[in-house]
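What follows is the residue order along each chain.
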Amino acid sequence: MWNIGGKDDGMIPNERDAALRARAKQVVPGGMWGHQNAANLPEGYPQFFESARGCRIRDVNGREYVDLMCSFGPMVVGHQHPEVEEAARRQAERGDCQNGPGEVMVELAELMVDTVAHADWVQFQKNGTDATTVCVTIARAATGKRKVLVARGAYHGAAPWCTPYPAGVMTEDRAHLLHYDYNDVASLTAAVGQAEGDLAAIVVSAFRHDLAKTQELPTPEFARAARALCDATGAALILDDVRAGFRLHLGGSWEPVGVRPDLSAFSKAIANGHALAAATGNDRFREAATKVFTTGSFWTGAVAMAAAVATLKVMRREDAPARMEEAGTRFRQGMDALAAKYGVPIEQSGPVQMPMVLFTGDTEFRFANTFCVAALAEGGYFHPKHNMFLSTAHAPADIDAVLHAADAGFRAVAALG
Ligand code: PMP
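What counts and what doesn't
- Residues numbered from 1 in each chain as written.
- Predicted model: local features only at pLDDT ≥ 70, side-chain atom pairs only at ≥ 80, totals over all residues.
- Heavy atoms only, no water.
- Pairing = 2+ DSSP bridges.
- Helix = DSSP H or I, 4+ residues; strand = E, 2+ residues; numbered from the N terminus.
- Axes fitted to C-alpha atoms, helices over the stretch in contact; angles between N-to-C directions.
- Contact = heavy atoms within 4.5 Å.
- Phe/Tyr/Trp six-rings, centres within 6.5 Å; stacked < 30°, edge-to-face > 60°.
- Buried < 20%, exposed > 50% of the residue type's maximum accessible area, 1.4 Å probe, protein only.
- Core = buried A, V, L, I, M, F, W, Y, C linked by side-chain atoms within 4.5 Å.
- Domains from an automatic or database assignment.
- Near = heavy atom within 4 Å.
- Polar contact = N/O pair within 3.5 Å; in protein donor to acceptor, adjacent residues only side chain to side chain.
- Nonpolar A, V, L, I, M, F, W, Y, C, P; charged D, E, K, R; others polar.
- Expected span 1.5 Å × (residues − 1).

1. Overview of the sheet that holds strand β7 (residues 199–205)
The strand order β4-β10-β9-β8-β7-β5-β6 describes an open sheet built from seven strands, whose pairing is mixed. Whereas interior strands pair on both sides, the edge strands pair on one side only; in this sheet they are β4 (121–125) and β6 (177–180). Put simply, the sheet's adjacent strands are angled 20° from each other on average, direction ignored. Across the sheet, helix α6 (residues 220–233) touches β6, β7 and β8 (236–240), and the angle it forms with β7 is around 165°.

Structure follows, in structure tokens:
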């Protein structure tokens, strides 16, 4: 779990960053909310950033890194991508937040429906939590049922119905949630039984991407069972593709496994860092989507939509998942070679486009933290316990630069003895 509440170990990673943290503490509870609080990262990690371009980021102290986090997912074709930023700028000159959407909303919706295999329609929001919550609400509206199944340990957002943290959440907020274990057909079937005919939806992550855990792609048996259980009960199969969307397959992350959801939640990678989310659905859920009152003051913002059109076009033209797979394979092989060189066992799991590196037996993350600090000093921005993200901007030379930084990381771990 993330360290929330702004714990600070008192260490000063660099002057400018430390000064900003001190000022923020006075005016922002804990200095920073959520997981972006650098207290979640090893000592020496910056909390504040100055600029970013391609796959390189620069912190406020002027240190540059090859980024393996991609803003926790949104950056997918490279920071400041010229086509994306040009589209956003052209739209910004005409208008952004207006009384209604721009023409670009229809263009983007058509492009999304054309790209996402199961989608007959799309509604836009801003954050991943908006999209997952909209999907659940539509499922309940369509089925008239209450129970929603989620995998134990899966993250679907920061709203009371799904946040993993207890503060401010009432039992009633989650009264109709039931749990199953990812990739475990028996537990999924049992949870459907517990719903006793009152099942609105089964929510699945694109793959098992729990924090600090071995990642697991969905097994075909699990995916097919989820589909079959929804078909048998009339419930909606909701794919939470917020984190993985457009990195594994442009048509939706369960296309490779051959199972289509009824509703999907997208966000992060849609607009290359511009704030946008989308709920997509098939025709069975169109009427319910029409009835549910979903809105937000900024949900029609035209700039993010223009950025999304450009991002989707670039991703389609360049076959973004394949390019990220190449970069990810190079990274994974390089990491395995370094682990062997230093005799430090690691476990890499999940899709290569979203690397997850765990050190064997490292329950306290001592190896991971040592590794990350040493790699950071050599210009590689790793994460010790969250899955990382690659982009189409990660060229072979960038992966090699990251591996060079990783070499220092492994050396530091080996020196721990
Ligand atoms: N679902 C998944 C799988 C996510 O990874 C996230 C964000 N990490 C969310 C939902 C929520 O997205 P947001 O933080 O944009 O609300």
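2. Topic: the packing of aromatic side chains
According to the stated counting rule, one finds 14 aromatic pairs in the structure shown. With a centroid separation of 5.0 Å and 70° between ring planes, the pair formed by tyrosine 45 and tyrosine 381 is classed as edge-to-face. Note that tyrosine 45 is positioned in the loop between α1 (15–27) and β1 (49–53) and tyrosine 381 in strand β13 (residues 380–381), a separation of 336 residues in sequence. Like tyrosine 45, the residue tyrosine 381 is buried in the burial classification. Measuring from ring centre to ring centre gives 6.0 Å for tyrosine 180 and phenylalanine 222, while their planes differ by 35°; the resulting arrangement is tilted. In this pair, tyrosine 180 sits in strand β6 while phenylalanine 222 sits in helix α6, placing the two residues 42 residues apart along the sequence.

3. Some words on the nonpolar core
Of all hydrophobic cores here, the largest spans 70 residues; its most connected members are Ile202, Trp254, Phe331, Met335, Phe371, Phe382 and Phe410. Ranked by residue count, the leading element in this core is helix α11 (residues 396–415), at seven residues. Counting contributing residues, this core receives three or more from each of domain 1 (13–79 + 320–416) and domain 2 (82–318). Membership of the second largest hydrophobic core comes to 36 residues, among which are Leu108, Met112, Ala306 and Met315.

4. Overview of the site of the ligand
The local shell around the ligand consists of Asn127, Gly128, Thr129, Tyr155, His156, Gly157, His209, Asp240, Val242, Arg243 and Lys268. Contacts to the ligand include asparagine 127, whose side-chain N or O atom sits 3.0 Å from an oxygen atom. Arginine 243 is positioned with one of its side-chain polar atoms (N or O) 2.8 Å from an oxygen atom of the ligand. Its residues placed into classes, the shell around the ligand shows two nonpolar, six polar and three charged.

5. Looking at the sheet that holds strand β3 (residues 64–67)
Paired through backbone hydrogen bonds, the strands of a sheet run either parallel or antiparallel to each other. Strand order across the open sheet formed by four strands is β1-β2-β3-β13, with mixed pairing between neighbours. Looking at which strands have only one partner, the edges of the open sheet turn out to be β1 and β13. Sheet topology places strand β2 (residues 56–59) next to β3; three bridges connect them, and they run antiparallel. Within β3, the residue paired with arginine 58 across the bridge is glutamate 64. Most of the contacts of α11 go to β3, to which it runs at about 110°, and overall it touches β2, β3 and β13.

6. Some details on the environment of valine 113
Considering the arrangement of structural elements, one finds valine 113 in helix α3 (residues 104–115). Residue classification places valine 113 among the partly exposed positions, given a relative accessible area of 29%. Separated by 64 residues in sequence, valine 113 and phenylalanine 49 have C-alpha atoms that sit 35 Å apart. Setting aside its immediate chain neighbours within four residues, valine 113 contacts Ala119, Asp120, Trp121 and Val122.

7. Observations regarding helix α9 (residues 320–342)
Under the 1.5 Å per step criterion, the end-to-end length of α9 is 33 Å for 23 residues, consistent within 8% with the ideal 33 Å. All of the buried residues along α9 are Ala320, Pro321, Met324, Ala327, Gly328, Phe331, Arg332, Gly334, Met335, Leu338 and Ala339. Positive phi appears at glycine 343, one or two residues downstream of α9, with a value of about 65°.

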